[in-house]
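Structural description and commentary
Next come the chains, spelled out residue by residue.
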Amino acid sequence: MFFRLLVLYLVLVNAFVYFLFWLDKRRARKGQRRISEKELLMWSALGGWPGALTAMRKFRHKTKKRSFRAWLFGLIALQIALAAYLLLR
């Protein structure tokens, strides 16, 4: 039961993060109010980093911003390390 809920959560959060990146890119092109990097990173940290990476490649969004990429890859490394620790202990 827990595994199914976890998978459902990850699917939904990644779809949402993908949508947020798409929406932010769309707003950027139209000169509208943007979604903050802090919010994009927060949702990525909540398990949505695969959706974030996919959206970054697909929409060519936030790919040149080094500080954003550094934070995102730091979050990814932290989550992978935490998952490995929990699985191997």
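Preceding this paragraph is the structure being described.
For the structure given in this document, a descriptive report is provided here.

Rules used throughout
Residues numbered from 1 in each chain as written. Predicted model: local features only at pLDDT ≥ 70, side-chain atom pairs only at ≥ 80, totals over all residues. Heavy atoms only, no water. Helix = DSSP H or I, 4+ residues; strand = E, 2+ residues; numbered from the N terminus. Buried < 20%, exposed > 50% of the residue type's maximum accessible area, 1.4 Å probe, protein only. Polar contact = N/O pair within 3.5 Å; in protein donor to acceptor, adjacent residues only side chain to side chain. Expected span 1.5 Å × (residues − 1). Contact = heavy atoms within 4.5 Å. Axes fitted to C-alpha atoms, helices over the stretch in contact; angles between N-to-C directions. Parallel < 35°, antiparallel > 145°, perpendicular 65-115°, else oblique. Left-handed = near helix turned anticlockwise from the far one by under 90°. Nonpolar A, V, L, I, M, F, W, Y, C, P; charged D, E, K, R; others polar.

All right, on to the environment of phenylalanine 73 then. Inspection of the secondary structure puts phenylalanine 73 in helix α3 (residues 66-88). On the accessibility criterion, phenylalanine 73 (44% relative accessible area) is partly exposed. Separated by 15 residues in the primary sequence, phenylalanine 73 and leucine 88 have C-alpha atoms spaced 22 Å apart.

If you trace the backbone, lysine 62 turns up in the loop between α2 (37-59) and α3. For lysine 62, a relative accessible area of 14% puts it in the buried group. Polar contacts involving the side chain of lysine 62 include one to the side chain of glutamate 37, which spans 3.1 Å.

This brings us to helix α1 (residues 2-30). Counted at 1.5 Å a residue, the expected span for α1 with its 29 residues is 42 Å, and the 42 Å between its end C-alpha atoms agrees. Tucked inside the fold, the buried residues of α1 contact α2 and α3. Among the residues trailing α1, glycine 31 stands out with phi positive, at a value near 70°.

Contact geometry for α1 and α2: axes closest at 7 Å, N-to-C directions at 60°. Overall, the two elements α1 and α2 adopt an arrangement that is oblique. The element α1 and its partner α2 pack so that their crossing is right-handed. Its residues assigned to classes, the contact of α1 with α2 shows 18 nonpolar, six polar and three charged.

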